[in-house]
Amino acid sequence: MSDTKRPRKNPNPTLGLNPHNLHKNGVAIGFLPGFGEPISPNSPSQINGKLPAPMAIVSRAERLRYQIAKIIMLCIVRTSGALRLGCIKRLNGNPVWQIALMPYQGLETVTQQVMNGEWYKWGMQPKLFLRKWKMISQAVKSRTSRTYMLWAPNALTGGVNDVRGGYAPYWPGAQYVDILGFERKNVLPDRTKALKVIKKFSDLYSTPNNLPVVLSETGASYTVSLETGRPAPGGASEHDMKLRWLKQLLGDNLIKSVPNFKAFSWFEVKKNEDAS
């Protein structure tokens, strides 16, 4: 799905990523800290304390309070998590800040990352999403060359052309996108799952448009019963599940098959949820 209507400039090959921060096989590794989580909250500095090098990316979702006009005019995102910015700026290694804008007042105000799912009230409105995305992209690019537009739908759950769980209805065109990404969680992946899903996405949008690919949010879910504390059926340990997925994301086969794969952000948060 390539675009030829308007010429575009490729983003900086480094994507602003510090090469001295956490990388493996040329892939930058970031994290989504558990700011304010009710169970086991953590901060970027606490995570860095367990790593051999500072994280390359700090990823966070921000709830927008103000109208898009104010964001464009001030070039400032004033959010409920704005106080976290100082914490991020003080981190070792100057990591990239990957922000997902959460328009909890409605898509009419602004837009955000997961646009093709029904679990948020602004989801599954492709025409409105495209209009807002293009507006924001143009506004950002008119003010700075150091911010990249990351188009990152949720992992495919329907057909490519479906409004629910698809990609194509939400694709704004390469002239409005700097980096491609998607979210992918796993339970017990087979040995080639990462290669299959990332290459499929890359073949659709990265290769035709020469755009870098990232996993904007990924992890390996390990479920235990709140009542008994026993793990869900399957037999694999939490360690084995997570390590297997990490090895796939950093493996030689993936890097060789998808050379535009540049980074992923690891999601590791404890949650009490109804899994019925």
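One can find the structure itself at the top, above this paragraph.
So, how was this worked out
- Residues numbered from 1 in each chain as written.
- Predicted model: local features only at pLDDT ≥ 70, side-chain atom pairs only at ≥ 80, totals over all residues.
- Heavy atoms only, no water.
- Helix = DSSP H or I, 4+ residues; strand = E, 2+ residues; numbered from the N terminus.
- Buried < 20%, exposed > 50% of the residue type's maximum accessible area, 1.4 Å probe, protein only.
- Contact = heavy atoms within 4.5 Å.
- Phe/Tyr/Trp six-rings, centres within 6.5 Å; stacked < 30°, edge-to-face > 60°.
- Core = buried A, V, L, I, M, F, W, Y, C linked by side-chain atoms within 4.5 Å.
- Polar contact = N/O pair within 3.5 Å; in protein donor to acceptor, adjacent residues only side chain to side chain.
- Axes fitted to C-alpha atoms, helices over the stretch in contact; angles between N-to-C directions.
- Parallel < 35°, antiparallel > 145°, perpendicular 65-115°, else oblique.
- Left-handed = near helix turned anticlockwise from the far one by under 90°.
- Nonpolar A, V, L, I, M, F, W, Y, C, P; charged D, E, K, R; others polar.
- Pairing = 2+ DSSP bridges.
- Expected span 1.5 Å × (residues − 1).
- Arc of directions from axis to C-beta.

Would you mind showing me how to read the environment of Val-197 here?
You can see Val-197 is positioned in helix 5 (residues 193-209). Looking at Val-197, the relative accessible area reads 16%, which means it is buried. Expressed as a C-alpha distance, the spacing of Val-197 and Leu-156, which sit 41 residues apart in the sequence, is 9.0 Å. With residues up to four places along the chain from it excluded, the contact list for Val-197 reads Phe-182 and Arg-184.

Mind showing me how you'd approach the packing of aromatic side chains here?
The tally for this structure, following the rule as stated, stands at 11 aromatic pairs. Ring plane angle 40° and centroid distance 4.7 Å describe the contact between Phe-182 and Phe-201, whose orientation is recorded as tilted. Pair noted here: Phe-182 is in strand 6 (residues 179-186) and Phe-201 is in helix 5, with a separation of 19 residues, a long-range link. Among the residues examined, Phe-182 registers a relative accessible area of 2% and is labelled buried. Given the relative accessible area of 1%, Phe-201 is considered buried. A ring pair is formed by Phe-201 and Tyr-205, whose centres lie 5.8 Å apart and whose planes are at 50°; its orientation type is tilted. You can see Phe-201 and its partner Tyr-205 sitting in helix 5, 4 residues apart, about one turn around the helix.

When you look at the nonpolar core in this model, what are you seeing that I'm missing?
If you look at soluble globular proteins, the nonpolar side chains tend to sit buried side by side. Counting residues in each nonpolar core, the largest one holds 43 residues, and the members touching the most others are Trp-151, Leu-180, Ile-198, Phe-261 and Phe-264. Broken down by secondary-structure element, the contributors of at least two residues to this core are strand 2 (27-32), helix 4 (126-143), strand 6, helix 5, strand 7 (213-220), helix 6 (238-249) and strand 8 (261-267). With 6 residues, the top contributor of residues to this core is helix 5. Sequence-distant contacts of Phe-261, that is, excluding residues within four places in its chain, are made with Val-27, Ile-198, Val-213, Val-214, Leu-215, Leu-249, Leu-254 and Ile-255.

Honestly, the environment of Ser-221 in this entry has me stumped. Any pointers?
Tracing the backbone through its elements, the reader meets Ser-221 in the loop between strand 7 and helix 6. Expressed as a C-alpha distance, the spacing of Ser-221 and Met-241, which sit 20 residues apart in the sequence, is 8.1 Å.

I would appreciate a short explanation of unusual backbone geometry in the present structure.
Phi angles above zero are rare outside glycine, and Leu-15 is one such case at about 55°. Here Leu-15 shows up in the segment before strand 1 (23-24). Of note, the phi angle at Asn-94 is positive, near 50°, even though the residue is not glycine. Judged by relative accessible area, which is 58%, Asn-94 ranks as exposed.

What's the story with the environment of Asn-260 in this structure? I'm lost.
For Asn-260, the location among the structural elements is in the loop between helix 7 (252-257) and strand 8. Those residues in contact with Asn-260 that sit more than four places away from it in its chain are Ser-206, Asn-210, Leu-211, Pro-212 and Val-213. A polar atom in the side chain of Asn-260 sits 3.4 Å from the backbone oxygen of Leu-211.

Looking at this structure, how should I read the packing of helix 5 against helix 6?
How two helices pack is summed up by the angle between their axes together with the distance between the axes. Running from amino to carboxyl end, helix 5 crosses helix 6 at an angle of 50°, the nearest separation of the two axes being 8 Å. For the element pair helix 5 / helix 6, the angle class is oblique. The interaxial crossing formed by helix 5 with helix 6 has right-handed handedness. Facing Lys-193, Ala-194 and Ile-198 of helix 5, the residues of helix 6 in contact are Trp-245, Gln-248 and Leu-249. Classifying every residue of the contact of helix 5 with helix 6 by side-chain character gives 4 nonpolar, 1 polar and 1 charged.

Quick question: what am I supposed to make of the side chain of Asp-178 here?
On the secondary structure map, Asp-178 appears in the loop between strand 5 (150-151) and strand 6. For Asp-178, the side chain forms a polar contact with the side chain of Lys-141, separated by 2.5 Å. Only 2.8 Å separates the side chain of Asp-178 from the backbone nitrogen of Met-149, close enough to count as a polar contact.

Would you mind showing me how to read the pairing of strand 2 here?
Strand residues, when the strand is regular, have side chains that alternate between the two faces of the sheet. Of all 6 residues in strand 2, 6 are buried, a share of seventy percent or more. Residues Val-27, Ile-29 and Phe-31 line one face of strand 2 and the alternating positions Ala-28, Gly-30 and Leu-32 line the opposite face, and both faces are buried. Where strand 1 and strand 2 come together, 2 bridges link them in antiparallel fashion. Paired with Lys-24 across the bridge in strand 2 is Val-27.

Any chance you could explain helix 6 here in plain terms?
Residues spaced three or four apart along an α-helix point in a common direction, a consequence of the helix completing one turn every 3.6 residues. With 12 residues, helix 6 should cover 16 Å at 1.5 Å per step; its first-to-last C-alpha distance of 17 Å lies within 8% of that length. Three or more residues of helix 6 are buried, namely Met-241, Lys-242, Trp-245, Gln-248 and Leu-249. With its buried residues spanning 125° around the axis, helix 6 presents them on a single face. Seen from the buried face of helix 6, the exposed residues on the opposite side, beyond 90 degrees, are His-239 and Lys-247. Summarising the contacts, the buried residues of helix 6 are in contact with strand 6, helix 5, strand 7, helix 7 and strand 8.

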